Amino acid sequence: MFNKIKALKDVRSQAKVIEKALEAVLSTGTSRGVEVTLNGKQEVQSIVIPPEMDRGEIAEHMKRAFNEAVKDLQKKVQQAMKDAGGMPDLSQFGL
């Protein structure tokens, strides 16, 4: 019983380390001057749209920039999680 409680505390501690590592990861995707920046938690941090861009093009280039940022972010998050010690072992909890 106490082993599981200690293991749960260890998992929570490791999860906090991973969360901090993910907050520091940033990825920016671009398309024809539109820039979308995401953090490791996939939260949009900034969007830059060139003032001269035609309104009809904005949505398409935002979508492309966002998708590019997500693909790059997935690679960076995977590396950040490895560097932070990987996913916690939940097998002892039946998961």
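Scroll up for the structure.
The sections below set out a description of the structure shown in this document. (Residues numbered from 1 in each chain as written. Predicted model: local features only at pLDDT ≥ 70, side-chain atom pairs only at ≥ 80, totals over all residues. Heavy atoms only, no water.)

1. Some words on the overall build of the protein
Here's step 1: The secondary structure content of the protein amounts to two helices and three strands.
Here's step 2: Secondary structure elements in the protein, listed N-terminal to C-terminal, are α-β-β-β-α.
Here's step 3: For the protein, buried positions account for 27% of its 95 residues.
Here's step 4: Taking as baseline every contact in the protein between residues at least 6 positions apart, the subset at least 24 positions apart corresponds to 57%. (Helix = DSSP H or I, 4+ residues; strand = E, 2+ residues; numbered from the N terminus. Buried < 20%, exposed > 50% of the residue type's maximum accessible area, 1.4 Å probe, protein only. Contact = heavy atoms within 4.5 Å.)

2. A short note on the pattern of salt bridges
Here's step 1: Tallying each qualifying case throughout the model produces five salt bridges.
Here's step 2: A salt bridge links Lys-63 to Glu-60; the shortest N-O distance between them is 3.6 Å. With a gap of three residues between them, Lys-63 and Glu-60 both fall in helix α2 (residues 55-83), about one helical turn apart.
Here's step 3: The partly exposed category is assigned to Lys-63, whose relative accessible area is 47%.
Here's step 4: Between Lys-76 and Asp-72 there is a salt bridge, with the nearest N and O atoms lying 3.2 Å from each other. Of this pair, Lys-76 and Asp-72 both sit in helix α2, four residues apart, which is roughly one turn of that helix. (Salt bridge = Lys/Arg side-chain N within 4 Å of Asp/Glu carboxyl O.)

3. What about the sheet that holds strand β1 (residues 26-31)?
Here's step 1: Taken in spatial order, the three strands of this open sheet run β1-β2-β3, and their pairing is antiparallel. For this open sheet the edge positions go to β1 and β3 (44-48), each flanked by a neighbour on one side alone. Strand-to-strand twist in this sheet, taken as the mean axis angle between neighbours without regard to direction, amounts to 15°. (Pairing = 2+ DSSP bridges. Axes fitted to C-alpha atoms, helices over the stretch in contact; angles between N-to-C directions.)

4. Re the side chain of His-61
Here's step 1: For His-61, the position within the fold is in helix α2.
Here's step 2: Since its relative accessible area comes to 6%, His-61 is described here as buried.
Here's step 3: The contact partners of His-61, leaving out residues within four places of it in the chain, are Ser-31, Arg-32, Val-34 and Met-53.

5. What to know about the environment of Lys-75
Here's step 1: As for its placement among the helices and strands, Lys-75 is situated in helix α2.
Here's step 2: On the basis of relative accessibility, which here comes to 62%, the residue Lys-75 falls in the exposed class.

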